[in-house]
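# An overview of the molecular structure
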Amino acid sequence: MSDTAATRSTDPAAKVTDGPSAARRARRPRLAPGSVATHLALGLGALVMVFPFCWQLLTALKSLAEVSRVPPTFLPEDWKWASFDEVFTALPFREMLTNSALNTLGRTAGQLVFCSLAAYAFARMRFRGRDALFGLFLSVLMVPSSLLVLPQYDIIQSFGLLNSAPALFLPGMFSAFGTFLLRQAFLALPRELEEAARIDGAGSFRIFWSVMLPLIRPALAALAVITAMAAWNDLLWPLIVNTDPEAMPISAGLTSLEGQYETNYPVMMAGSLIASLPMLLVYVVLQRHFVQSVAASGVKG
């Protein structure tokens, strides 16, 4: 046994056999102090971002008496799921979700159509006063949206659209920011594509629809995510234009659960949690395009 061990220790073949394992050990990455600190900071930031959602869920599972307790408790003593049923009886929840969906789809579709057309004209077409007109478009970003509430309300009222779904999304079907974002995406495309299409006999609209628009899908996805989240969470305009509970979106309807003397926080948190799920799903589906577009939006100005 000792001779065999000695032979193995001096045999070159034994060293070759140990070679792959030694190489694997050598290839193992070493954790640098900076990398550890970065991961700890990112983990802490993720915890801070996720904590409100966890507190929202835990509040929805508590009773009203437990929510009002001082000092507050973190975990529920008795896990109650009744708040998720009560929110459908306290509010016309299905109708409000439908109104929110119509508002979101209307605004998003309108901005994708109108902003893409305007952005293509500003980026790829040459006409007198183009830069001055685009500067005027960008000046809209400096105007607070609350200043536009009264004239927009007068327009909706004159059309007889109060307490209706079109009243929610018609004023928001255009965006100066969306035009700027898509213009940057169009500017990043090579002009040779457009020239080749014109040589083949394509017109301006055919070039826009068949050649240029498919190439800016990441920017379109980013605008869709931003617009959908803004429309779903909009509160001021729906509270003004639609006062009928069955015509309200869910963002405005949840405010009615806040009473003057007492607020049913478990039911409100349950409704808020259900209302946030569609936007989380939209962001998860379009996250890759959203990050790609935001990273490339300032490549060319």
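What you see is a predicted model, and the numbers here were worked out from it, not measured in a lab.

This part takes up the overall build of the protein. Within the protein, the regular secondary structure consists of 17 helices and 0 strands. Residue burial in the protein is summarised as follows: out of 301 residues, 33% are buried. Within the protein, residue pairs in contact and separated by at least 24 positions form 73% of the contacts whose partners lie at least 6 positions apart. Carbon and sulfur atoms make up 66% of the accessible area of the protein, which totals about 18600 Å².

What follows covers the environment of Ala 121. Looking at where Ala 121 falls in the secondary structure, it is placed in helix 7 (residues 93-124). For the pair Ala 121 and Arg 183, spaced 62 residues apart in sequence, the C-alpha separation works out to 8.5 Å. Ignoring any residue separated from it by four or fewer positions in sequence, one finds Ala 121 in contact with Phe 127 and Arg 130.

So, about the packing of helix 12 (residues 191-199) against helix 13 (residues 204-212). For the pair helix 12 and helix 13, interaxial distance at closest approach is 10 Å and the crossing angle is 125°. By the angle between their directions, the pair helix 12 and helix 13 is classed as oblique. In the crossing of helix 12 with helix 13, the sense of the turn from one axis to the other is right-handed. Packed against helix 12, whose contacting residues are Leu 193, Glu 194, Ala 197 and Arg 198, the element helix 13 presents Ser 204, Ile 207 and Val 211 at the interface. Here the residues of the contact of helix 12 with helix 13 sort into 4 nonpolar, 1 polar and 2 charged.

Looking now at the side chain of Lys 62. Inspection of the secondary structure assignment puts Lys 62 in the loop between helix 4 (33-60) and helix 5 (64-67). With no salt bridge to any partner, buried Lys 62 finds its closest opposite charge in Glu 66, at an N-O distance of 5.3 Å. Separated by 3.5 Å, the side chain of Lys 62 and the backbone oxygen of Phe 74 make a polar contact. If we ignore the near neighbours within four places in the chain, the residues touching Lys 62 are Trp 55, Val 67, Thr 73, Phe 74, Leu 75, Pro 76, Ser 83 and Pro 266.

The next point concerns a nonpolar patch on the surface. A cluster of nonpolar residues, Phe 51, Trp 55, Phe 74, Leu 75, Trp 79 and Trp 81, forms a patch on the protein surface that exposes about 680 Å² of accessible area. Mapped onto the secondary structure, Phe 74 falls in the loop between helix 5 and helix 6 (83-90).

The subject of this paragraph is the confidence of the model for the protein. Taken over all residues, the pLDDT of the protein has a mean of 84, while the share at 70 or more is 84%. By mean pLDDT, the top-scoring element of the protein is helix 7 (94), and the lowest-scoring one is helix 2 (residues 12-17) (48). pLDDT under 50 marks residues 13-17. Its contacts with residues more than four places away, or in other chains, come to 2 contacts.

At a closest axis distance of 8 Å, the pairing of helix 7 and helix 11 (residues 176-187) adopts a crossing angle of 50°. Between helix 7 and helix 11, the interaxial angle falls into the category oblique. Of the two elements, helix 7 crosses helix 11, and the hand of that crossing is right-handed. Facing helix 7, whose interface residues are Cys 115, Ser 116, Ala 118, Ala 119, Tyr 120, Phe 122, Ala 123 and Arg 124, helix 11 presents Gly 178, Thr 179, Leu 182, Arg 183, Phe 186 and Leu 187. Split by residue class, the contact of helix 7 with helix 11 holds 9 nonpolar, 3 polar and 2 charged.

Under the counting rule described, the total for this entry stands at 14 aromatic pairs. Where Trp 55 meets Phe 74, the ring centres are 6.0 Å apart and the plane angle is 40°; that geometry is what we call tilted. Note that Trp 55 is positioned in helix 4 and Phe 74 in the loop between helix 5 and helix 6, a separation of 19 residues in sequence. Within the aromatic cluster, the residues linked to one another by ring pairs are Tyr 120, Phe 186, Phe 205, Phe 208 and Trp 209. When the ring centre of Trp 55 is taken as reference, the NZ or CZ atom of Lys 62 above it lies at 4.6 Å. Over the aromatic face of Phe 134 sits the side chain of Arg 183, whose NZ or CZ is 4.2 Å from the ring centroid.

Thresholds applied
- Residues numbered from 1 in each chain as written.
- Predicted model: local features only at pLDDT ≥ 70, side-chain atom pairs only at ≥ 80, totals over all residues.
- Heavy atoms only, no water.
- Helix = DSSP H or I, 4+ residues; strand = E, 2+ residues; numbered from the N terminus.
- Buried < 20%, exposed > 50% of the residue type's maximum accessible area, 1.4 Å probe, protein only.
- Contact = heavy atoms within 4.5 Å.
- Areas by Shrake-Rupley, 256 points an atom, 1.4 Å probe, with all protein chains shown as cover.
- Axes fitted to C-alpha atoms, helices over the stretch in contact; angles between N-to-C directions.
- Parallel < 35°, antiparallel > 145°, perpendicular 65-115°, else oblique.
- Left-handed = near helix turned anticlockwise from the far one by under 90°.
- Nonpolar A, V, L, I, M, F, W, Y, C, P; charged D, E, K, R; others polar.
- Lys, Arg positive; Asp, Glu negative; His and termini not counted.
- Salt bridge = Lys/Arg side-chain N within 4 Å of Asp/Glu carboxyl O.
- Polar contact = N/O pair within 3.5 Å; in protein donor to acceptor, adjacent residues only side chain to side chain.
- Patch = residues over 30% accessible without salt bridge, like charges linked within 9 Å, V, L, I, M, F, W, Y side chains within 5 Å.
- pLDDT = per-residue confidence, 0-100.
- Phe/Tyr/Trp six-rings, centres within 6.5 Å; stacked < 30°, edge-to-face > 60°.
- Lys NZ or Arg CZ within 6 Å of the ring centre and 35° of its normal.

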